[in-house]
Amino acid sequence: MIRKVVFWTHLVCGLSAGLVVAVMSATGVLLTYERQIVALADRAVLPAPPGDARPKPLEELIAAAEAAEPNFVASSVSVPRASTEPVSVRAGRASARYVERHTGRVLGEGATVVRAFFREVEAWHRWLGREGESRAAGRMITGAANFVFLCLIATGAYLWLPRAWRWTAFRARLLFNPKAKSGKARDFNWHHVLGIWSAAPLAVIVASGVVFSYPWANDLVYKSFGETPPARGARPAGAAKPLPAAGRPAVGRPAVGAPAPVGVLDPVGVLDPVGAPAPVGAAGTAAATADVRAAEASRPLALDELLARASERVDGWRTLTIDLAARDGGVAVEVDGG
């Protein structure tokens, strides 16, 4: 009786959620390779940089991107490891401008057609292609289908177990049978073999999707690790919305009207006090060096210095992204090892 109930539950789950799951699976596969496909398309569109020029500071590249369009306000900048590739200056998630690192020339949006295609793919993956207020209904459908898919995997794992616990019965469900070439025997063999070997990774993928879809599942993850779930809609501590271009201080430089740094770097990388006479004697040198190091510790780091420090912490990185939103207590640098 229990097996019969589980069987019909398994069948209903498959029939009710199969089409939505198929759409989410196909679009999910495409989104998995979005970055690589977009990068290839950009290389075909963006011009090659000059080989003998030195890269410009990131502040200049961001300023060039913002100056090219009056309403473009940079929220993040991504720097590839290869110096021949342009930096990507983004205003939000959808809008991005590429800037050549050696000349500061704004190259445009790159492969716009490919990016528009993947935006549509993401819309189908998350909201079944719905727009505006109807996205809530699309999100509800995809979330429910994802949860039903998890039930499908769980019931399928139960039904996979043979009635008679003999090796021959397990083998018929674990391994492909070359003799079963057609008919119900082949379908039975393929369904059970493909189902059991893909059950574990599918369960992890689908369970993580349930966490994205339902607040109670998200809270359950926090509670299982002994942590308090964050309040809905609350902004992380220290985070703030990006400021408009006119009000955003330059990251890594003092804001307009702020006092200049006490020290500057000389050609060999030693910080000397600005405008101070050269100290005489070893004691004076040590005192000046201590004062300048204290000033250096409070000096805002330039974007290139932030990137250099972040790159030292992770080996094999491919892209570094700096969040230009105003934050209290630090600047977020995302390291992508890709």
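Being a predicted model, the structure only gives us computed values, none of them experimental. Residue numbers here run from 1 along each chain, matching the order of that chain's written sequence. With the structure being a predicted model, the display of local features is reserved for residues of pLDDT at least 70 and the display and counting of side-chain atom pairs for 80 or more, all residues being used for whole-chain, interface and lining totals. Note: side-chain values were computed over all heavy atoms of the structure, leaving out hydrogens and water.

Caption draft 1: Local environment of the overall build of the protein. From N to C terminus, the protein includes 10 helices and eight strands. Throughout this description, buried means an accessible area under 20% of the type-specific maximum (1.4 Å probe, protein chains only), exposed means over 50%, and partly exposed covers the range between. Counting only residues that meet the buried cut, the protein has 28% of its 338 residues in that class. Here the Shrake-Rupley method, with its probe set to 1.4 Å, supplies the accessible areas, and only the displayed protein chains count as covering residues. Total accessible area computed for the protein in this model is approximately 21,600 Å², and 63% of it derives from carbon and sulfur atoms. Put simply, DSSP marks the helices as runs of H or I at least four residues long and the strands as runs of E at least two long, and each gets a number from the N terminus on.

Caption draft 2: Inspection of the side chain of R173 at higher detail. For R173, the position within the fold is in helix α6 (residues 167-174). For this count, His and the chain ends are skipped, Lys and Arg are scored as positive, and Asp and Glu as negative. The rule for a salt bridge is simple: a side-chain nitrogen of Lys or Arg has to be within 4 Å of a carboxyl oxygen of Asp or Glu. Within the buried core, R173 has no salt-bridge partner, and the shortest N-O distance to an opposite charge, that of D187, equals 15 Å. Within the structure, R173 has its side chain in polar contact with the backbone oxygen of W160 (distance 2.8 Å). Other than its neighbours up to four places away in sequence, R173 contacts W160, L161, P162, F188, H192, V193 and I196. In the analysis that follows, any N or O atom pair within 3.5 Å is treated as a polar contact, provided that within protein one partner can donate a hydrogen and the other can accept it, and provided that, for residues neighboring in sequence, both atoms belong to side chains. When checking whether two residues touch, look at their non-hydrogen atoms; a contact exists if any pair is within 4.5 Å.

Caption draft 3: Inspection of the nonpolar core at higher detail. Only buried residues count toward a nonpolar core, which is a set of Ala, Val, Leu, Ile, Met, Phe, Trp, Tyr and Cys residues joined through side-chain atoms within 4.5 Å. The biggest cluster of nonpolar side chains holds 19 residues, and the ones touching the most others in it are V77, V87 and V89. Contributions of two or more residues to this core are made by α3 (58-68), β1 (76-80), β2 (87-91), α10 (303-313) and β7 (319-323). Among the elements that make up this core, the one with the highest residue count is α3 (four residues). In terms of nonpolar packing, the next biggest core, distinct from the first, is built from 12 residues, V21, M24, F149 and L152 among them.

Caption draft 4: Inspection of a nonpolar patch on the surface at higher detail. Among the surface-exposed residues, F7, W8, L11 and L15 lie close enough to one another that they form a single nonpolar patch of about 440 Å² accessible area. By the secondary structure assignment, L11 is in helix α1 (residues 2-32). In this analysis, a patch consists of residues with relative accessible area above 30% that form no salt bridge, clustered at 9 Å for like charges and at 5 Å for the nonpolar side chains Val, Leu, Ile, Met, Phe, Trp and Tyr.

Caption draft 5: View of the pattern of salt bridges. Considering all chains together, one arrives at eight salt bridges under this definition. A salt bridge links R115 to D42; the shortest N-O distance between them is 2.9 Å. Of the two residues, R115 sits in helix α4 (residues 112-127) while D42 sits in helix α2 (residues 34-45), which places them 73 residues apart along the sequence. Classification of R115 as buried rests on a relative accessible area of 14%. A salt bridge links R97 to E69; the shortest N-O distance between them is 2.4 Å. Remark: E69 occurs in the loop between α3 and β1 and R97 occurs in strand β3 (residues 95-99); sequence separation between them is 28 residues. Take R97: its relative accessible area is 10%, and that puts it in the buried class. Connected through salt bridges with shared partners, the residues E69, R97 and E109 form a single ionic network.

Caption draft 6: Quick peek at the sheet that holds β1. The sheet built from six strands is open, its strands ordered β4-β3-β2-β1-β7-β8 with antiparallel pairing. Edge positions in the sheet fall to β4 (106-108) and β8 (333-336), since each of these pairs with one other strand and no more. Going across the sheet, the axis of each strand differs from the next one's by a mean of 25°, ignoring polarity. Direction of pairing for β3 relative to β4: antiparallel, over a ladder of two bridges. By the bridge assignment, V99 is partnered in β4 with V106. Against the sheet, α3 makes contact with β1, β2, β3 and β4, and its axis sits at roughly 50° relative to β2, the strand it touches most. Two strands pair if DSSP finds at least two bridges between them. Axis definition: a line fit to C-alpha positions, over the contact stretch in the case of helices; interaxial angles, taken between N-to-C directions, run 0 to 180 degrees.

Caption draft 7: Up close: the packing of aromatic side chains. Side-chain rings of Phe, Tyr and Trp (the six-membered ring for Trp) are treated as a pair once their centres are within 6.5 Å; stacked means planes under 30 degrees apart, edge-to-face means over 60, and tilted covers the remaining angles. What the rule picks out here adds up to seven aromatic pairs. Seen from their ring centres, F117 and F118 are 5.3 Å apart, and the 75° between their planes marks the pair as edge-to-face. In this analysis the charged atom, NZ for Lys or CZ for Arg, is taken to sit over a ring once it is within 6 Å of the ring centre and within 35 degrees of the ring normal. When the ring centre of W127 is taken as origin, the NZ or CZ atom of R135, which lies over that ring, is 3.8 Å away. The positively charged end of R186 is found above the aromatic ring belonging to W190, 5.5 Å away from the centroid.

Caption draft 8: The packing of α1 against α4, seen in detail. The N-to-C vectors of α1 and α4 enclose an angle of 145°; their axes lie 9 Å apart at closest approach. Between α1 and α4 the crossing geometry is left-handed. Between α1 and α4, the contacting residues are V23, M24, T27, G28, L30 and L31 on the first element and F117, F118, V121, E122, W124 and H125 on the second. Crossings are sorted by hand: turned counterclockwise from the far helix by less than a right angle, the near helix makes the crossing left-handed, and turned clockwise it makes it right-handed.

Caption draft 9: Spotlight on the environment of A39. With respect to the helices and strands, the residue A39 is situated in helix α2. Judged by relative accessible area, which is 31%, A39 ranks as partly exposed. For the pair A39 and G110, spaced 71 residues apart in sequence, the C-alpha separation works out to 9.2 Å.

Limitation: the analysis is restricted to geometry and does not speak to function.
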